[in-house]
Each structure stands twice: as structure tokens, then as C-alpha cells.
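# Close look at the chain arrangement
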Amino acid sequence: MKTETDKNQKQWHEWTAVENEKKRQKSIKELYDQGYSVYKGADYIYAAELFHAASELARQQSNKEEQCKNLAWEADCFLLTYQYKKALSVMLLAEEIGGLDPVHRFYNLVHLLEVSKNLSLPIAELKKLMEKLEPYKTVQEIGGSKSMVLYWEAILLGNQGDNHTALLRMQEALACQQAGIPRYYDGVYYRALIDYYRLTGRMSEARQTMVRWKEAAKGDFIDEKSYQILTDGKLSFSEGNLDAAWDTFQCAYAEERYIGLAGKRTETLFWLVETGAQTGRFFEVRPYLRDLFAFRHSESAFLRYSCCYYFFDYYYLMMKAIQRFRLECQDHPTDFPCDFIVARNRAEQWLNRAESYGKELDSLQNVSWRESKIQKMRTALLTT
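Residues numbered from 1 in each chain as written. Predicted model: local features only at pLDDT ≥ 70, side-chain atom pairs only at ≥ 80, totals over all residues. Heavy atoms only, no water.

## Some points on helix α17 (residues 340–365)
An ideal rise of 1.5 Å per residue puts 38 Å on 26 residues; α17 measures up with 36 Å between its terminal C-alpha atoms. Taken residue by residue, α17 has Phe340, Ala343, Ala347, Trp350, Leu351, Ala354, Glu355, Tyr357, Gly358, Leu361, Asp362 and Gln365 as its buried positions. Where α17 begins, one side-chain oxygen reaches toward the backbone nitrogen of Ile341, 3.3 Å away; that side chain belongs to Asp339. Looking at the residues trailing α17, positive phi occurs at Asn366, about 60°. (Helix = DSSP H or I, 4+ residues; strand = E, 2+ residues; numbered from the N terminus. Expected span 1.5 Å × (residues − 1). Buried < 20%, exposed > 50% of the residue type's maximum accessible area, 1.4 Å probe, protein only. Polar contact = N/O pair within 3.5 Å; in protein donor to acceptor, adjacent residues only side chain to side chain.)

## Focus on the packing of aromatic side chains
Enumeration over the complete set of coordinates arrives at 31 aromatic pairs. Ring geometry for Tyr32 against Tyr36: centres 6.4 Å apart, planes inclined by 10°, an arrangement best described as stacked. Here the residue Tyr32 and the residue Tyr36 both occupy positions in helix α2 (residues 28–40), the gap between them amounting to four residues, near one helical turn. Through a chain of ring-to-ring contacts, three or more aromatic side chains come together here, namely Tyr32, Tyr36, Tyr39, Tyr44, Phe51, Trp73 and Tyr107. Here the basic side chain of Arg191 rests over the ring of Tyr227, its NZ or CZ set 3.7 Å away from the ring centre. Between Lys373 and the ring centre of Tyr309, over which it is positioned, the NZ or CZ distance is 4.2 Å. (Phe/Tyr/Trp six-rings, centres within 6.5 Å; stacked < 30°, edge-to-face > 60°. Lys NZ or Arg CZ within 6 Å of the ring centre and 35° of its normal.)

## With respect to the nonpolar core
Counting 128 residues, the largest nonpolar core has Leu133, Tyr151, Met170, Phe312, Tyr314 and Tyr315 as the members making the most contacts within it. The contacts of Tyr315, once residues within four sequence positions are left out, are Cys338, Ala343, Arg346, Ala347 and Trp350. (Core = buried A, V, L, I, M, F, W, Y, C linked by side-chain atoms within 4.5 Å. Contact = heavy atoms within 4.5 Å.)

## Regarding the environment of Leu92
Relative to the elements of secondary structure, Leu92 occurs in helix α5 (residues 84–97). Distance from Leu92 to Asn108, taken between C-alpha atoms, is 8.8 Å for residues 16 residues apart in sequence.

## Some thoughts on the packing of helix α6 (residues 102–118) against helix α8 (residues 145–159)
Close contact between α6 and α8 brings their axes to 11 Å; oriented N to C, the two are set at 10°. Looking at the two axes, α6 sits roughly parallel to α8. Each of Phe106, Tyr107, Val110, Leu113, Glu114 and Lys117 in α6 lies in contact with α8, whose residues at this interface are Ser145, Met148, Val149, Trp152, Ile155, Leu156 and Asn159. Residues of the contact of α6 with α8, tallied by class, amount to nine nonpolar, two polar and two charged. (Axes fitted to C-alpha atoms, helices over the stretch in contact; angles between N-to-C directions. Parallel < 35°, antiparallel > 145°, perpendicular 65-115°, else oblique. Nonpolar A, V, L, I, M, F, W, Y, C, P; charged D, E, K, R; others polar.)

## Overview of the confidence of the model for the chain
Averaged over the chain, the pLDDT score is 91; the fraction of residues at 70 or greater is 90%. Helix α12 (residues 224–238) holds the highest mean pLDDT among the elements of the chain, 98, whereas helix α1 (residues 2–24) holds the lowest, 62. (pLDDT = per-residue confidence, 0-100.)

## Here's the deal with unusual backbone geometry
Backbone geometry places Ala42, a non-glycine residue, at a positive phi of 70°. For Ala42, the location among the structural elements is in the loop between α2 and α3 (44–60). Residue Ser62 is not a glycine yet carries a positive backbone phi of 60°.

## Here we look at the packing of α2 against α3
As a packed pair, α2 and α3 sit with axes 8 Å apart at the nearest point and diverge in direction by 165°. Compared by their axis directions, α2 and α3 come out roughly antiparallel. As α2 runs across α3, the sense of the crossing is left-handed. Contact with α2, carried on its side by Ile28, Leu31, Tyr32, Gln34, Gly35, Tyr36, Val38 and Tyr39, involves Tyr44, Tyr46, Ala47, Leu50, Phe51, Ala53, Ala54, Leu57 and Ala58 of α3 and no other residues of that element. Here the contact of α2 with α3 is built from residues that sort into 15 nonpolar, two polar and no charged. (Left-handed = near helix turned anticlockwise from the far one by under 90°.)

## Here's the deal with helix α9 (residues 163–175)
Between the first and last C-alpha of α9 there are 18 Å, a value that for 13 residues agrees with the 18 Å anticipated at 1.5 Å per step. Along α9, the positions that sit buried rather than exposed are Asn163, Ala166, Leu167, Met170, Ala173 and Leu174. Down the axis of α9, the buried set is contained in an arc of 125°. They therefore lie on one face. Away from its buried face, by an angle of more than 90 degrees, α9 presents the exposed residues His164, Leu168 and Ala175. Each element contacted by the buried residues of α9 is listed here: α8, α10 (186–199) and α11 (203–216). (Arc of directions from axis to C-beta.)

## Observations concerning the side chain of Ser226
Note on placement: Ser226 falls in helix α12. Among the polar contacts made by the side chain of Ser226, one reaches the main-chain carbonyl oxygen of Asp223 at a distance of 2.7 Å. If we ignore the near neighbours within four places in the chain, the residues touching Ser226 are Ala252, Glu255, Glu256, Ile259 and Arg265.

Following this line, the structure appears as C-alpha cells:
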């Protein structure tokens, strides 16, 4: 009850702060500028409120262009907080009003692709949306549109399992990045590029790119440091340095706590659960499992699948650890959060859920790797 009360108080303070801003500031530009400043500070809920206030003020003043511009930014905030249905409704409203300038029209199309991917639109439909973005690869008068289209080509290729081609696209995306909106800041490209180097086994290039990213970082966005720490941890994990990776992921979580994002970034939670379970830190992992539990009914099938899979992974690795422990020593039965039978039952329950979501996603994306992965783990579970 206390947690829910604290949450309601926080929401009330945020709403009150926005209302006070609306009373104090009558300028659309002031509200937008403050919203963007808060956005760079990674307080996306408050930023969404400010962008919404700016769009509402623009509506009252019959300024459709400013109204739609702020709606586009409000939608981006919802995307970053996994509120995909809210993001979609805001984007569709901006389209309906019809006041988007070329830059924010492009942003809206990109956001529509992102939300459609997370809401599990079939791959054929996602490709149709990509076709709408294709002309922007040559429209250089609106800033970094080409690099953003290449970025999304890479993301969709990676989701299809083609990491090598995705790497080439991401290399091109970073190479053609330029100043002027629309654009992602460079850290977005560096982070994705390092991931594709890692996924294709090119660890030397990944480390070199990590150095370049740290040298190029300007600190404009408060969460860039946390992303750098997380990426460093993933490289350590892929190099087999699991203890170092665990320490680094904990540092990433601590940085997220400092900027108010602890427990809100699923990627950090996934890596903490995976690394902690693999290194036998079952009790230490439990707070992160509680954070992750909140996302099990996410609007995104990708998140639902991943949550179920990592819960399975936790209990499966615990089973194996208990099995080894029983062979080596009969003492200290409280060294694990639950016994072998309980761990096995929970592992099977979460694997069944992961299988259901995985089959759905594979069918929509016309791939089979999730189903194959689940079958492999089911065989391992039956033989443990």
C-alpha cells in the first residue's frame, strides 16, 4: 500500500508541477524548451506532460504546426516508457490534425514504425512502413533522415537474425550522420554498432568503437553514461569475464538509480538476471527479478517473451546449481532461495509462457529461432 501511495504522490507532484508551469509560462516555445531539457534529463513522464501542455496551448491558439510538433515529442516520450498504445494514439492524432512539418512528419513515420514493431505487427507490414521511409534516404535537406532510416533497416535485419547485414547498415548509418534535425544523437548509433560487432564476434572492433564513443560523448543526454556502462558490461560478458560483467551491470543500475531510471530499463534487468544467475548470485538477483516482474504483461510481445525467458533462465540455472551442490555437499540447504522441485516447477511454468509468446513472434516475423531456442532449452530441462 505504501508503494502505491508513493506512486500516486509522485504522479500528483508531476501533474501539479506541469499545471504551475502552464500558469507561469504562456509561451509554447518555453514549454517545448523545458520539455526538451527534461527529456535530455531522462525524465520522460514529466517531459511528456510538458509537451502535452505545449500542444494543448498550441491547439487553443489554433497553431496546428506547433501542436503536431509537440505531439510528436510526446509520442516519443511514451515510446521510451514502453507505453506503446498511448504513443500510437498520439501519433495518429498528429496525423489526423495534419499540421506536421516535413521534419516532424518524418519523426512521426519513424515512431509509427517503432511502435508497430513493438506491438508485433507482421514483418510484411513493417516492410511496407519501411518503404514509406525509403525516400528519406535521399532527402538531405531535413538533416539526418538518411542515417535514421539506415538505423531502422539495421534493427529490422537484426530482428530477423541477419546480424552481419545489420552491422553493415549500422556502420553506414553512423558514417552518414550529420548535424541538424531530424537525427538521433551519436550515442544511439555507437551503442547499436557495438552490439552488432559483439553479436558477429568482432570483439576487437567492438572495443575500439567503445573507445571512440567515450571520446566523442558530449554529455548532452544524462543517460548516455549509463548506456556506456551497460555496453561495457555486455562486452565483458561476451568475452567470458562474467564477474567483471556482473560488477559493471551493477554500476549501470547504480547510475540509473542516480538519474531516476533504476528498475525502468528492461535491458539492464535482463543482463543482471542472466549474469547473476550464471555466476550463482541467486539471492542478489532477486531484487532485479522483482523489478522485471512488473514488465511481464507489457504491451510489447517482445518484452513479454523476454521476461518469461529470463525468469525461466533464473530457475533453470538455479536447478543446475542445486544439483551440483547436492553432489558436492549435503550441508547448508539454505544457500538457495528455493528447493530443486520448486525451481524445476517454476522453470517449466516460465518456459511454457515463453514458448507461447515465442511462437507468436516467430510466426509474425517469419522466423523460427525463438521456437528452436525454446525447444533446445526444453530438452535441457528434461535432462536436468
